[in-house]
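# Structural description and commentary
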Amino acid sequence: MTTMKSEKSKFPSPATMIVLTVLLLAVVLTCVPYLVTIALAEDPATADASPIYGVTIPPGYKQWELIAPAEEAAPLDELRAVIGNQTALDAYQAGKLPFPDGAILVKRAWKRKQSPEFASATIPGEATTVQVMVKDARKYAATGGWGFGRFVNGKPVDEAQHRTCFACHEARVKSRDYVFTKLAP
């Protein structure tokens, strides 16, 4: 008989099972509206995509290799660094044009400021923009195979500004697959 009691004590009583079931059901019903809201919410990547092209800031881009630095004179007064993913870097190193699909170039820009430690040195100040070019010859056939994105504080600028991207590249560097930046020696 003692064996039977110890076996019985391992299982909850029917009343306990009912209470647990009701609690579980209450938790699930409380969470469902929240979970549905999350599931139907706009994808953050889509929300932060550039108008026209749908380009986003690539994750991990700050760890990419430097392609070349640049300095922009007044009125912008910026320091810039163009970095690229491995596909872009490989194309640069091989001297391959046009760039292959999957190449991504990112231009990071900062206001120029004088170094407080060294008077003749200019250092990055406040970040101004992140500009992105993504190569996909089919998706962006109308714009030389490139999609463009310009972002301020992580958010894409308006459509009007994005309409100027390809026109500028086409007018000046069409012969270099629409890319301004050359690999730094």
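This text gives an overview of the structure that appears in the document.

Parameters at a glance
- Residues numbered from 1 in each chain as written.
- Predicted model: local features only at pLDDT ≥ 70, side-chain atom pairs only at ≥ 80, totals over all residues.
- Heavy atoms only, no water.
- Core = buried A, V, L, I, M, F, W, Y, C linked by side-chain atoms within 4.5 Å.
- Buried < 20%, exposed > 50% of the residue type's maximum accessible area, 1.4 Å probe, protein only.
- Helix = DSSP H or I, 4+ residues; strand = E, 2+ residues; numbered from the N terminus.
- Contact = heavy atoms within 4.5 Å.
- Pairing = 2+ DSSP bridges.
- Axes fitted to C-alpha atoms, helices over the stretch in contact; angles between N-to-C directions.
- Salt bridge = Lys/Arg side-chain N within 4 Å of Asp/Glu carboxyl O.

## Some remarks on the nonpolar core
Nonpolar side chains in soluble globular proteins tend to end up buried together. Grouped together as the largest cluster of nonpolar side chains are 27 residues, with contacts concentrated most on Phe 99, Leu 105, Val 106, Val 132, Trp 146, Phe 148 and Val 179. Broken down by secondary-structure element, the contributors of at least two residues to this core are strand E2 (78-84), helix H4 (86-94), strand E3 (104-114), strand E4 (122-135), strand E5 (146-152) and helix H5 (159-173). Once residues lying within four places of it in the same chain are set aside, the contact partners of Leu 105 are Ile 67, Ile 83, Gly 84, Ala 88, Tyr 92, Gln 131, Val 132, Met 133, Trp 146 and Val 179.

## Remarks on the sheet that holds E2
On the basis of which strands lie adjacent, the open sheet formed by six strands has the order E1-E2-E3-E4-E5-E6 and antiparallel pairing. At either end of the open sheet lies a strand with only one pairing partner, and these are strand E1 (65-72) and strand E6 (155-156). Across the face of the sheet, H4 comes into contact with E1, E2 and E3 while running at roughly 80° to E1. The sheet contacts of H5 involve E4, E5 and E6, and relative to E5 the element is tilted by about 130°.

## Focus on the pattern of salt bridges
Taken as a whole, this structure holds seven salt bridges when the rule is applied. In this structure, the salt-bridge partner of Lys 155 is Asp 48, at a minimum N-O distance of 3.0 Å. Of this pair, Lys 155 sits in strand E6 while Asp 48 sits in the loop between helix H3 (44-47) and E1; the two residues are 107 residues apart in sequence, bridging distant segments of the chain. Taken together, the salt bridges that share partners define one network made up of Glu 71, Asp 77 and Arg 112.

## Considering unusual backbone geometry
Of note, the amide linkage connecting Ala 74 to Pro 75 takes the cis form, showing an omega dihedral of 10°. That bond from Leu 97 to Pro 98 is cis: its omega, 0°, falls within 30 degrees of zero. The residue Pro 98 is located in the loop between H4 and E3 in this model. The phi dihedral of Ile 52 is positive, around 75°, even though this residue is not glycine. Within the secondary structure layout, Ile 52 lies in the loop between H3 and E1. Backbone geometry places Asp 77, a non-glycine residue, at a positive phi of 50°. The residue Asp 77 is located in the loop between E1 and E2 in this model.

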